[in-house]
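# Chains, contacts and geometry: an overview
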Amino acid sequence: MNAPARGVAPLLEVRDLRVRFESAGETAARAVEGVSFTLARGETLGLVGESGCGKSLTALSIPRLVDEPPAQTSADSSILFRGEELVGASQQRLRQLRGAEIGFVFQEPMTSLNPVHRVGDQVAEALWTRGEVSRKQAKTIALELLDRVEFRDPRRAMRAYPHELSGGMRQRALIAMAVACEPSLLIADEPTTALDVTVQAQILELLASLQADTGLALLLISHDLAVVSQVADRVAVMYAGRIVETGTARQVFGSPRHPYTEGLLRAVPTIDGAGGSLAMIPGRVPRPDAWPSGCTFHPRCPYAWDRCETDEPDLREGATSSGWVGARCWLEDEPAKRSGTGYAEVDS
Amino acid sequence: MTVSPLDFLLPGVRSLGRHPVQGLLTMVAWLTLWALIVLRRGRIVETFSGGAFDEWLAFGSILVGLYIIVRLSRQMKTESPRRSESQRSLAWSRFRRHRPAMLGLGLVSVLAMAALLTPYLAPYDPSIQGADLVATRFRPPSLAHPMGTDHFGRDVLSRVLYGGRTSLAIGTLAVLIAVTLGTLIGAVAGYRRGWVDTVSMRGVDLLLSFPRLVLLITVVALVDPSIAVITLVLGLTGWMATSRLVRGEVLSLREREFVQAARALGFSGPRILLRHVIPNVASPIIVAATLGIGNTILIEASLSFLGLGVPAPAPSWGEMVARGRDAMIEAPWITLFPGLAIVLTVMSFNLIGDGLRDALDPRSAGRGPAPTDRRAVGGAGATRAVGAASGAIGS
């Protein structure tokens, strides 16, 4: 998914990322299979997909947080961060980048804080370990950070232990830690999944406002289309370890090109009931050690024909009147095949 | 509450109304320490004119003891305004409700204080024999010799006191060595996994397959035993169980999100291990260490009983029991008091260990320990100590 050239190198460029898990006597599980995308400074990219489609693995691969072994990243994969190759980079260099340049927010706020240390100490630790500020200065900055992530009583939050905070508050603290060193890239892996809806909205607003303040680029991973559509500039839809559709958020959600995206969108209920009954994508995501032949989505695709079973389509991207879009689907060649009723509808 | 001079003259007296037991205990401890200063003023003066290290240690302990009493009694009155509570302080409040454990803690405090203050407490030099051996040996307990004298006319009370400090010192230091070693090895094995884990854990399996006492006897037979050697050897043979325990905990902790988050912040391996992983294993380590002290004291006593422990004439409980067994019928006090000391010490540490386990185990949080269960566990620890000691006496 090469964004249109703007004369500036992108902040992050992932090219042909392949991660597989190999275990003796079993077929290798090709969990991420040729993922490519770019992310410009200050941009928000939403990575959407069902559980098990490889989106978290893709996210963890960027700061090289995947344990190898058991995982194996193909030597041809390339992750360029500010022009620097991260695949095969030294552990020392990666440690410098993690936290300082690449922030990471995890899915589980309940368990992502160390239960034995005070929240303030944990936020401060992210700062003073780099040796650029003293512990005392780090505490002052930590207090400012907690204030910035909208704690009502930051002083009290500094002294609190994680078990004294609610899920939303913990996620704020984790975001404070992730942005403490002012990284240029923030990867948020399902940051709101464990939170209830009202808190979700607050956290998303917080991320957006941090982004507006500091100009950081945000890679937002979620299975929740609503979350992604709220904040993302661009969206990439993943299925079975591959990106199957990309485009602007408006484009992808407004007029999806890939049958999988179409199915996902039609499975989301709307509050006014517009759009009729809900659709259901039959079957389930195949196991990564047994991707189907041809197009990996063909067993579940309502439009599939024989070509889909044998040949795997490429992700073909290009400029259209409505922006830079692409889909990994043979329908791009033969739009006439998109016919019939499509997905079966469920009674609602 | 305001500060009154009474708090420094007789701390605890003003808490009597609200906390009668604590207040009374505080007063007793306070008065005991002052009584010691007054009664032993001659010895204390000697300390200042070129006293040995252990006398300075004893004097320092008195001062620290007095300070702690004042602090505790002030804390008792200004009971906490609700502030941020760590899991540790929650555990402490659970521990305080555990009566057997508090009893154990009290006994251990008394024992530790006695060990530190031995030079002032002991009425006689532990290795000085009576001038007239025939007249002074095998004296039954009396005012001059509260625990009687042994077959060399030495004061048993003094020897029990001096033996206690040896036993406690060896027990705590050996466990400190064992737990440090076991924690580091176990944590690294669990965190790094792979060949590091395999090599170290197979090593542990190998070492654990030797009976510890046989291993100890072999080592002590090869090297001349001294207090330092015994401590080191006990420490170096006691770390395996801890390392297994820690490794198991670390294996599951390393998969926890906060360890991932620490890695994502660019923290180094040693930092993650020391600051984020190991503190989370503290609870089982503390429990294992407390139970380990009692066990180590018991093993040290067994070694001494076999004549392989602390070399004579330094007193040691095990050695006293062993020496006294010839005269058990005529002079039972020679074995009774050191045997009792072993039982009391080991039992106290076991009680504390049980209480800590209940207080620190999150699964028992809130529910509190089931009373029957607790008694069974405490009883088992005590029975084991009694059994071992009486076994030692009997043989």
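Not measured: the values here are computed from a predicted model.

Attention shifts here to the overall build of chain A. Helix and strand counts for chain A stand at eleven helices and 15 strands. If you take every contact in chain A between residues at least 6 apart in sequence, the share linking residues at least 24 apart comes to 66%. Just so you have it, chain A exposes about 15,400 Å², and 49% of that area is on carbon and sulfur atoms.

A few words now on the pattern of salt bridges. Tallying each qualifying case throughout the model produces 20 salt bridges over all chains. A salt bridge links R247 of chain B to D197 of chain B; the nearest nitrogen and oxygen atoms lie 2.6 Å apart. With R247 of chain B in helix α12 (residues 240–253) and D197 of chain B in helix α9 (residues 194–208), this residue pair connects regions lying 50 residues apart in the sequence. A residue is classified by how much of its surface remains accessible, and R247 of chain B, at 23% relative accessible area, is partly exposed. Because the salt bridges share partners, they merge into one network encompassing D16, R18 and E33 of chain A.

Every contact between the two is made by 30 residues of chain A and, on the other side, 25 residues of chain B. A combined buried area of about 2,500 Å² lies between chain A and chain B, and 52% of that area is made up of carbon and sulfur atoms. Put simply, chain A and chain B have two salt bridges between them. The salt bridge involving R275 of chain B is made with E125 of chain A; its shortest N-O contact spans 2.8 Å. The interface formed by chain A and chain B holds ten residue pairs in polar contact (both at pLDDT 80 or more) in total. Only β7 (102–105) and α3 (119–128) of chain A provide two or more residues apiece to the side of chain A that touches chain B. Of the residues assigned to the side of chain A that touches chain B, the class counts are 13 nonpolar, seven polar and ten charged.

Below, the discussion takes up empty space enclosed by the protein. As enumerated under the stated definition, the model contains four cavities of 30 Å³ or more in all. Each pocket or cavity is described by its volume, and for the largest cavity that value is around 80 Å³. Surrounding the largest cavity, G103, F104, V105, F106, S112, L174, M177 and A178 of chain A together with A261, A264 and L265 of chain B form its lining. Mapped by element, the contributors of at least two residues to the lining of the largest cavity are β7 and α6 (167–179) of chain A together with α13 (257–264) of chain B. Looking at the lining of the largest cavity residue by residue, the classes come out as nine nonpolar, two polar and no charged. Estimates place the volume of the second largest cavity at around 70 Å³. P259, C295, C301, C308 and C329 of chain A are the residues nearest the centre of the second largest cavity, which is lined by 13 residues in total.

Moving on, we come to α12 of chain B. Residue and element names in this part refer to chain B. Along its 14 residues, α12 runs 20 Å from first to last C-alpha, staying within 8% of the 20 Å computed at 1.5 Å per residue. Of all the positions in α12, only M240, T242, S243, V246, V250 and L253 are classed as buried. Each buried residue of α12 sits inside an arc of 145 degrees when the element is viewed along its axis, so together they form one side. Elements in contact with the buried residues of α12: α8 (156–192), α9, α11 (227–236), α13, α14 (269–277) and α15 (282–305).

Attention shifts here to the nonpolar core. All names here are of chain A. By size, the foremost hydrophobic cluster in this structure holds 125 residues, and its most contacted members are L146, I175, L186, V235, Y260 and F297. Contact partners of I175, with chain neighbours within four places excluded, come to V105, V149, I203, L206, L207 and L210. In this structure, L60, I62, A89 and I187 belong to the second largest nonpolar core, which totals 41 residues.

Below, the discussion takes up a nonpolar patch on the surface. Taken together, the side chains of V64, Y67, I68 and L72 of chain B make up a nonpolar region of the molecular surface, amounting to roughly 400 Å² of accessible area. On the secondary structure map, Y67 of chain B appears in helix α4 (residues 53–77).

Turning our attention to the environment of Y343 of chain A. All names here are of chain A. Positionally, Y343 belongs in the loop between β14 (323–327) and β15 (345–346). Look at Y343 and you get buried, because its relative accessible area is 3%. When neighbours within four sequence positions are excluded, Y343 is seen to be in contact with P259, Y260, E262, G263, R266, A279, M280, I281, P282, F297, R300 and P302.

To continue, consider the packing of aromatic side chains. All names here are of chain B. This structure, assessed with the given rule, holds six aromatic pairs over all chains. A centroid spacing of 5.7 Å and a plane angle of 25 degrees characterise the contact between W92 and F95, whose relative ring orientation is stacked. Linking W92 with F95, this pair stays in helix α5 (residues 87–96), spanning three residues, or about one helical turn. The class for W92 is partly exposed, based on a relative accessible area of 41%.

Conventions we followed
- Residues numbered from 1 in each chain as written.
- Chains lettered and ligands numbered in written order.
- Predicted model: local features only at pLDDT ≥ 70, side-chain atom pairs only at ≥ 80, totals over all residues.
- Heavy atoms only, no water.
- Helix = DSSP H or I, 4+ residues; strand = E, 2+ residues; numbered from the N terminus.
- Contact = heavy atoms within 4.5 Å.
- Areas by Shrake-Rupley, 256 points an atom, 1.4 Å probe, with all protein chains shown as cover.
- Salt bridge = Lys/Arg side-chain N within 4 Å of Asp/Glu carboxyl O.
- Buried < 20%, exposed > 50% of the residue type's maximum accessible area, 1.4 Å probe, protein only.
- Buried area = accessible area lost by both parts, 1.4 Å probe.
- Polar contact = N/O pair within 3.5 Å; in protein donor to acceptor, adjacent residues only side chain to side chain.
- Nonpolar A, V, L, I, M, F, W, Y, C, P; charged D, E, K, R; others polar.
- 1 Å grid on protein atoms, 1.4 Å probe; cavity = no way out; pocket = protein on both sides within 12 Å on 5 of 7 lines; lining within 4 Å.
- Points joined across faces, edges and corners; volume = space filled by probe spheres on them.
- Expected span 1.5 Å × (residues − 1).
- Arc of directions from axis to C-beta.
- Core = buried A, V, L, I, M, F, W, Y, C linked by side-chain atoms within 4.5 Å.
- Patch = residues over 30% accessible without salt bridge, like charges linked within 9 Å, V, L, I, M, F, W, Y side chains within 5 Å.
- Phe/Tyr/Trp six-rings, centres within 6.5 Å; stacked < 30°, edge-to-face > 60°.

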